[in-house]
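Each chain, letter by letter, is given below.
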Amino acid sequence: MKAIVIEKGDAGQTVTLKDFPESELMDGEVTVRVSHSTINYKDGLALTGAAPIVRRFPMIPGIDFAGVVESSTSDAYKPGDAVLLNGWGTSETHLGAYAEKSRVKADWLVPLPEGLTPRQAMAIGTAGYTAMLSVMAIEAAGVRPSDGPVVVTGAAGGVGSVAIALLAGAGWHVIASTGRTEEAGYLKDLGAAEVIHRDELSATPRPIGNERWAAAVDSVGSNTLANVLAMTKYDGAVAACGLAGGMDLPTSVAPFILRGVKLLGIESVHCPRPRRFEAWRRLAKELDLAKLEAMITTVGLDQVIDLGPQILAGKVRGRVVVEIG
Ligand code: NDP
C-alpha cells in the first residue's frame, strides 16, 4: 500500500511517500480502508520533526482518518461500516492515517456520524473536534452567550475556524483574533462579529486588564493566553487547547482570585469515548456545512509532506482534506 513513512537514520529523520508492506500494519481488531485524512498542527510537528511526536520508527504519521472497515474481529464493527478516528497515539506509537490502510483498536473508532460524509468528517478532523470540546467545556463552566462576547485566537487556523462557526451558530458574539487581517472577510463569513489583530494580545501581559470577553477558545498559548485571561470578565471561562504561539504561560493568579476566571484544559487525543461521541454527535448536528465547505483546501497524499512546514508557519487557512482512497 502507498503510505507516507517517517524513518530515522544517522542523518536524522526522512519522510517519503512510498510502498509500505501491509503485513507490517500493527495489532488491532479493525482494518480500515482509509479514504480521507487531514493535516493538523500536530501533523506538521511530526512531518517536520519539529517536536518529538513520533516515538517509533518507521512511522506512518497522520492523527485523523475516515474510511470503511475492510475486516474486523470485533463485534462492534463489520466490513463496510463507515468510521473515523482521531488521535489515540496514532503518529506517536501506532501507525497512523497517511496510508491506504490502517489497523487499529475497535475502541479507538467512532462510527461516521449520520449527516457527515468522510470528506466532511476529515474537514472537521482533530482541529474541529477540539473546537467542539472547547465549546462543550465553556458551556459546562456555565458561561453563556448572554454573559458577553467570546474571543477565538489563532482564528484563521483549523481549530479557530471551526470554533468561530460553532460559536456564531450558537448565538455568541465572536471576536476573532488573527495575524492575517487580510482574512477578515473569510472570518466574518464564518460568523465573526469583530476581527482584531493578534498583536493586541501578544505583548508582555499585565496581571489584570480591562474586561473584554466572557469566554475564550485559545489555540495559541504563551503571552496570548495570558492576555486573554487578564481580559476575561468576572466568572468567565477560557478553554486552552493549543500552543501555536508557545508552550509557556506567563500569567499570575490574579484573573483566578480577583475575577473567578476559570481556565479549562482541553485534550483530544485520549478524550474518553462518551465525551468524544457527544462531540461528534453535536458537530454533525450543529456545524454549518456550508461554512465548513468554505474552510476546505483539498490535496492528495503526494502534497502532504510539503504542507508540514506550512502549517507550522501559520500559512494554512482553515482546514485541509487529504484524499487517499
Ligand atoms: P493551525 O496552524 O491551523 O492554526 C494555528 C493558528 O494559530 C494559525 O493559523 C495562526 O492563526 C495562529 N498562530 C500561528 N503561529 C502563531 C504565533 N507564533 N503567534 C500567534 N498566533 C499564531 O493549527 P490547528 O488549528 O490545527 O491547531 C492549533 C493549535 O491547537 C496547535 O497548537 C495544536 O497543537 C493545538 N491542538 C491541540 C489539541 C488538543 O488536544 N489540545 C488538538 C488540536 C490542536 P492566525 O493566522 O489567524 O493568527
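Everything below is about the structure shown above.
Bear in mind the structure is a predicted one, so any value in this text is a computation, not a measurement. (Residues numbered from 1 in each chain as written. Predicted model: local features only at pLDDT ≥ 70, side-chain atom pairs only at ≥ 80, totals over all residues. Heavy atoms only, no water.)

Peer 1: Quick question: what am I supposed to make of the nonpolar core here?
Peer 2: In this structure, I164, L167 and W280 are the most contacted members of the largest nonpolar core, which totals 55 residues. It is helix 2 (residues 118-140) that provides the largest number of residues to this core, a total of 13 residues. Each residue touching L167, except ones within four places of it in the same chain, is listed here: V135, V150, V152, W172, V174 and V217. Counting 43 residues, the second-largest nonpolar core is a separate cluster that includes L45, L95, W108 and I324. (Core = buried A, V, L, I, M, F, W, Y, C linked by side-chain atoms within 4.5 Å. Buried < 20%, exposed > 50% of the residue type's maximum accessible area, 1.4 Å probe, protein only. Helix = DSSP H or I, 4+ residues; strand = E, 2+ residues; numbered from the N terminus. Contact = heavy atoms within 4.5 Å.)

Peer 1: How should the sheet that holds strand 8 (residues 150-153) be read in this particular structure?
Peer 2: Picture the strands of a sheet paired through backbone hydrogen bonds; they go either parallel or antiparallel. Read across the open sheet, the six strands follow the order 10-9-8-11-12-13; overall the sheet is parallel. The sheet terminates laterally at strand 10 (194-197) and strand 13 (262-265), the two strands that pair on one side only. In this sheet, neighbouring strand axes are inclined to one another by 20° on average, regardless of whether the strands run parallel or antiparallel. Bridging between strand 8 and strand 11 (residues 213-218) involves three bridges; their strand directions are parallel. Note that in strand 11 the partner of V151 across the bridge is A216. (Pairing = 2+ DSSP bridges. Axes fitted to C-alpha atoms, helices over the stretch in contact; angles between N-to-C directions.)

Peer 1: Would you take a moment to explain the pairing of strand 10 for this structure?
Peer 2: The two faces of a sheet get side chains in turn, since along a regular strand they alternate between them. Pairing between strand 9 (residues 174-178) and strand 10: four bridges, direction parallel. Of the residues in strand 10, the one forming a bridge with I175 is E194. In this fold, strand 9 hands off to helix 4 (residues 184-190), which returns the chain to strand 10; that crossover is right-handed. (Right-handed = clockwise from strand over helix to strand, strands pointing away.)

Peer 1: Explanation requested: the site of the ligand in the structure shown.
Peer 2: Around the ligand there are 25 residues in total, and T178, G179, R180, R198 and C241 lie nearest to it. A distance of 2.6 Å separates an oxygen atom of the ligand from a polar atom in the side chain of T178. Within the contact set of the ligand, an oxygen atom lies 2.7 Å away from a side-chain nitrogen or oxygen of R180. When the ligand sits alone it has 920 Å² of accessible area, and the protein chains cover 87% of it. (Near = heavy atom within 4 Å. Polar contact = N/O pair within 3.5 Å; in protein donor to acceptor, adjacent residues only side chain to side chain. Areas by Shrake-Rupley, 256 points an atom, 1.4 Å probe, with all protein chains shown as cover.)

Peer 1: Explain helix 1 (residues 41-48) here, please?
Peer 2: Side chains that are three or four residues apart share a direction in an α-helix, a result of its 3.6 residues per turn. Among the eight residues that make up helix 1, six are buried, leaving the element largely enclosed by the rest of the structure. Taken together, the buried positions of helix 1 are occupied by K42, D43, G44, L45, A46 and L47. Taken together, the buried residues of helix 1 touch strand 1 (2-9), strand 2 (12-19), strand 3 (30-38) and helix 9 (304-312). G49 lies just past helix 1 and shows a positive phi near 75°.

Peer 1: Which parts of the structure should I look at to understand the packing of helix 2 against helix 7 (residues 273-286)?
Peer 2: How two helices sit against one another is set out by the angle between their axes and by the gap between those axes. Two elements in contact, helix 2 and helix 7, have axes separated by 9 Å at closest approach and are oriented at 105°. In terms of their interaxial angle, helix 2 and helix 7 are classed as roughly perpendicular. From helix 2, A121, I124, G125, G128, Y129, M132, L133, V135, M136 and E139 reach across to helix 7, where they touch R275, R276, E278, A279, W280, R282, L283 and E286. Looking at the contact of helix 2 with helix 7 residue by residue, the classes come out as 10 nonpolar, two polar and six charged. (Parallel < 35°, antiparallel > 145°, perpendicular 65-115°, else oblique. Nonpolar A, V, L, I, M, F, W, Y, C, P; charged D, E, K, R; others polar.)

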